[in-house]
Amino acid sequence: MKCPACGFADSKVIDSRPTDNGGIRRRRECLKCLRRFTTYEVVESLPIIVVKRDGSRQNFDKSKILQGQVWRLFSWVFTDTLSINPLLNILFLYF
Ligand SMILES: [Zn+2]
């Protein structure tokens, strides 16, 4: 971490304590100009990546899963060829 005052690359940690959000707050002192500054360290949250059938990648979107489930249910109810009446499928869903 570069010193904000002189840009020197090295500093020493003189105090570190956990923060409320699970990170760490560090009080540092520049080894060159001896100024003190504070840094915060937090864990980076990794986004969930979905690989699509065509190989493209998208960030995981929970609402898309729900849309897919609703569509699957809808198509199952109305396209099941074994069923005499699609309404029977709806009855089977609920009872
Ligand atoms: Zn400095």
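### Topic: the sheet that holds strand S1 (residues 11–18)
Spatially, S1-S2-S3 is the arrangement adopted by the three strands of the open sheet, whose pairing is antiparallel. Edge positions in the sheet fall to S1 and strand S3 (36–41), since each of these pairs with one other strand and no more. The mean angle between the axes of side-by-side strands here comes to 25°, regardless of whether they run parallel or antiparallel. Sheet topology places strand S2 (residues 24–30) next to S3; six bridges connect them, and they run antiparallel. Of the residues in S3, the one forming a bridge with arginine 28 is phenylalanine 37.

### Focus: the pairing of S1
Pairing of S1 with S2, which is carried by seven bridges, proceeds in the antiparallel orientation. The residue of S2 that forms the bridge with arginine 17 is arginine 25. Remark: five residues form the turn of the hairpin made by S1 and S2, two consecutive strands paired antiparallel; glycine 22 in that turn has positive phi of roughly 90°.

### What about unusual backbone geometry?
Phi is positive for leucine 34, close to 65°, though the residue is something other than glycine. With respect to the helices and strands, leucine 34 occurs in the loop between S2 and S3.

### Digging into the environment of asparagine 21
Residue placement: asparagine 21 occurs in the loop between S1 and S2. For asparagine 21, a count of 8 C-beta atoms within 10 Å puts it in the exposed group. Placed 22 residues apart in sequence, asparagine 21 and valine 43 show a C-alpha to C-alpha distance of 10.0 Å.

### Some remarks on the confidence of the model for the chain
Residues at a pLDDT of 70 or more form 79% of the chain, whose mean pLDDT is 81. The secondary structure element of the chain with the lowest average pLDDT is helix H2 (residues 86–94), at 63, and the one with the highest is S2, at 96.

### Thoughts on the environment of isoleucine 24
Relative to the helices and strands, isoleucine 24 is located in strand S2. Its 14 C-beta neighbours within 10 Å are what place isoleucine 24 among the partly exposed residues.

What counts, and where the lines are drawn
- Residues numbered from 1 in each chain as written.
- Predicted model: local features only at pLDDT ≥ 70, side-chain atom pairs only at ≥ 80, totals over all residues.
- Pairing = 2+ DSSP bridges.
- Helix = DSSP H or I, 4+ residues; strand = E, 2+ residues; numbered from the N terminus.
- Axes fitted to C-alpha atoms, helices over the stretch in contact; angles between N-to-C directions.
- Buried ≥ 20, exposed ≤ 12 C-beta atoms within 10 Å, placed from the backbone.
- pLDDT = per-residue confidence, 0-100.

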